[in-house]
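Take a look at the letters that make up each chain.
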Amino acid sequence: MSGDLEDQDGGWSSEETLAVAQIVGRDLLRSEFIDNAYGPAEAEEAMDAVLRDLRGSEAISGNPGDLVPYLDVAIERLTEFGPNEQEMVRRAAEIAERGAELQGTRNSIAALLGALALLLGLAKLEGRYDWKTGEGYVALSPGIPPGFSDIAKALAESVSRQLRAASDPALPDGPSPRSTAGEAPAPSSTAESAPPAAPAIRSSSAGRSILDGIPGTETGRAFRFEAAVEIARRVVERHLDGTDLRDLAGYPPEKIFQNDRSILSSRSGWPEPPAGTALSWLDQAPFTVGAGLFSVGESGFGVVVRLQSNRHLKDKFLKEVANYYERAIGRAVAVRWVSPVLLLKRATRESGRWHGPVDGLKVGSPVNVGGECVGTVGLFIKDSVDCFALTSGHSLDDAGAGTPGKPVYFLQQPHHPLDGTRIGSVHETRLPRRVVIQNGSRLPPPSDDGLDYGMIKLDLGWPPKPSDIRRVSGKTFSRDIHPADPKVDLNADMIKSPAASRELYGKITATNMTIEAIDPIRGGAVWIANATEVTFVGKGSILPGDSGALIYLDRDGSQKAYGICVGGTKKSKVLPGKDGGSVSTAYVLPLTHLLAAKPGMELA
């Protein structure tokens, strides 16, 4: 046998297959314990405990050699997962080739359990099995063959018992409470000790494994662009599946939140999600996690983490979370709290002043398809024949009302769908992906370009005159857009054109953001993806109705369009600092991405 995987087609002997399976199975089991906050030595102790637990079990019987056909298929399938798994098998093959694990494999209990651990570990990777709960199908090919199901069940129950005991020290047979590497041991209790604090969020190997298999992440200081994008993706997914920050279950609400007041229900102009519609994260968890990038130095990137909740998070708790991610990722990480992110469409029944132009169709004017919501004209684009007004897709779609060909109206104040004047018809919409809830859990966001736009084909006579078509607040912006560039955009000065809210001034604070946003009219939530985060300071804040509003760059007296608003939040808090700074945040679709998807289109 050769350590090269390509040579496996030449055929491994049964002994060699069992040896590789034993090593790989032990590696997969070790990873499961480490992912559940065990240190390396503790993981080894837990695996030894499982082996001792099963040596006397009546279920242990059977010939490990009977597993070989299933193991050959499983090993081949395992290598299809990616370079990490390929390296795991390659390493096992090299060890087995040296003979380190070949003795007695055919009749060894360790070989039998290692082989079954491989089959169950593969089922875990394929989403067919859960070590911690023992739930899932273990009899699917290349699963557990007939005659071995009782042994597999005994193994699974032993591992599950260890994992449950680790999370609940009150359970019998669990390991002793563990201290995290790098943390001082807890002091002994005395009569004068302070009341016990909330449990610390563990900085564990589970956190460090965020970086596993990503090249160039050894230093933890700054990452290549591709690596940072992958880390941000993992931050979101690992929170959703409970891998990271799972110790929050031990925190009482008074340790997390400043008070009991709901931000959405207590802030005028920000409607609560309708009752009875698809649930959003607000109904399920203290907060949700979004992530994106910020530039570091000349060529590196760090990862931003956004904790979104309907109540103010305490500074001390935010610092705990920030420390967790710093230990897990490195110094190139920034954590901020944000209040609920909403799609910024505005219900037609809402009153209030519109700050954008209502004396004629211009950048910042309100538009509606005759349904329930209002969006903003961000700018005008054209092809060789027609002129189009551009807004967000979700406001123009209006929960299905805005199908292609439907009339679109320009709304004057006070506005109502019946008071509007037809300006054209829906040409095309692209919508953000809905957040899917399955078996009570939110599924990870799909890979997406993040496009959320709506195009209104203007009727004859409605395109603004040339002097107004790119005019905002007395200034005319260039026909050349500002190309989105994650490396140079951080801290760039941005202006939001007047629309539902007044003109706002801010800076780019993150790029390539993925974050959940509540749909306040349709209910449920969507994924905002590949967006730019702009943080505004000073008077005013983003408001419902600002969906589609233009964000532009003002530099050296020259104005260039950058993107359109799709989502936003009224408050956020930046660490460190006593107050952190109360600011408003928008999530923006860069025009670079939009125009790349619409070849032949340009600014009018």
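Residues numbered from 1 in each chain as written. Predicted model: local features only at pLDDT ≥ 70, side-chain atom pairs only at ≥ 80, totals over all residues. Heavy atoms only, no water.

1. Concerning the overall build of the protein chain
Thinking step 1. Of regular secondary structure, the protein chain possesses 13 helices and 24 strands.
Thinking step 2. Here the protein chain, with 604 residues, has 53% of them falling under the buried criterion.
Thinking step 3. If you take every contact in the protein chain between residues at least 6 apart in sequence, the share linking residues at least 24 apart comes to 74%.
Thinking step 4. For the protein chain, the accessible surface area stands at approximately 26200 Å², while carbon and sulfur atoms represent 49% of it. (Helix = DSSP H or I, 4+ residues; strand = E, 2+ residues; numbered from the N terminus. Buried < 20%, exposed > 50% of the residue type's maximum accessible area, 1.4 Å probe, protein only. Contact = heavy atoms within 4.5 Å. Areas by Shrake-Rupley, 256 points an atom, 1.4 Å probe, with all protein chains shown as cover.)

2. Describing the confidence of the model for the protein chain
Thinking step 1. Of all residues in the protein chain, 77% attain a pLDDT of 70 or more, and the chain-wide mean is 77.
Thinking step 2. The least confident element of the protein chain, judged by mean pLDDT, is helix H7 (residues 205–208) at 42; the most confident is strand E9 (residues 387–391) at 95.
Thinking step 3. Per-residue pLDDT stays below 50 along residues 1–10; that stretch engages in 22 contacts with residues further than four places along the chain or on separate chains.
Thinking step 4. Between residues 168–208, whose pLDDT stays under 50, and residues either more than four places distant or in other chains, the model counts 64 contacts. (pLDDT = per-residue confidence, 0-100.)

3. Describing helix H8 (residues 225–240)
Each α-helix winds once per 3.6 residues, and so residues spaced three or four apart point in a common direction.
Thinking step 1. In this model, H8 (16 residues) spans 23 Å end to end at C-alpha, consistent with the 22 Å of a helix rising 1.5 Å per residue.
Thinking step 2. For H8, every residue scored as buried is listed here: Ala227, Ala228, Ile231, Ala232, Arg234, Val235, Val236, Arg238, His239 and Leu240.
Thinking step 3. Glycine 242 lies just past H8 and shows a positive phi near 85°. (Expected span 1.5 Å × (residues − 1).)

4. Examining the pairing of strand E3 (residues 333–338)
Thinking step 1. Buried residues dominate E3, accounting for five of its six residues.
Thinking step 2. Alignment of strand E2 (residues 300–308) against E3, held across six bridges, turns out to be parallel. Within E3, the position partnered with leucine 307 by the bridge is tryptophan 337.
Thinking step 3. In this view, the connection linking E2 to its parallel neighbour E3 by way of helix H11 (residues 315–329) has right-handed handedness. (Pairing = 2+ DSSP bridges. Right-handed = clockwise from strand over helix to strand, strands pointing away.)

5. Looking at empty space enclosed by the protein
Thinking step 1. Counted according to the given criterion, the structure contains three cavities of 30 Å³ or more.
Thinking step 2. Volume-wise, the largest cavity comes out at about 60 Å³.
Thinking step 3. Taken together, Leu343, Pro432, Asp448, Gly450, Leu451, Asp452, Trp527, Ile528, Ala529 and Val566 make up the lining of the largest cavity.
Thinking step 4. A per-element tally of the lining of the largest cavity places strand E20 (residues 525–537) first, with three residues.
Thinking step 5. Residue classes in the lining of the largest cavity are distributed as seven nonpolar, one polar and two charged. (1 Å grid on protein atoms, 1.4 Å probe; cavity = no way out; pocket = protein on both sides within 12 Å on 5 of 7 lines; lining within 4 Å. Points joined across faces, edges and corners; volume = space filled by probe spheres on them. Nonpolar A, V, L, I, M, F, W, Y, C, P; charged D, E, K, R; others polar.)

6. Some words on the side chain of glutamate 516
Thinking step 1. Note on placement: glutamate 516 falls in strand E19 (residues 504–518).
Thinking step 2. For glutamate 516, a relative accessible area of 1% corresponds to the buried category.
Thinking step 3. Here threonine 288 takes part through its side chain, which lies 2.5 Å from a polar atom of the side chain of glutamate 516. (Polar contact = N/O pair within 3.5 Å; in protein donor to acceptor, adjacent residues only side chain to side chain.)

7. Quick notes on the packing of aromatic side chains
Thinking step 1. Tallying each qualifying case throughout the model produces four aromatic pairs.
Thinking step 2. Ring centres of phenylalanine 225 and phenylalanine 301 lie 5.4 Å apart, and the angle between their planes is 70°; on these two criteria the pair is classed as edge-to-face. Of this pair, phenylalanine 225 sits in helix H8 while phenylalanine 301 sits in strand E2, and the two are 76 residues apart along the sequence.
Thinking step 3. You can call phenylalanine 225 partly exposed: its relative accessible area is 30%.
Thinking step 4. For the pair phenylalanine 410 and tryptophan 462, a centre-to-centre distance of 6.3 Å together with 55° between the ring planes defines the contact as tilted. Taken as a pair, phenylalanine 410 in strand E10 (residues 407–410) and tryptophan 462 in the loop between strand E15 (453–458) and strand E16 (471–472) lie far apart in primary sequence, 52 residues in all.
Thinking step 5. Residue classification places tryptophan 462 among the partly exposed positions, given a relative accessible area of 24%. (Phe/Tyr/Trp six-rings, centres within 6.5 Å; stacked < 30°, edge-to-face > 60°.)

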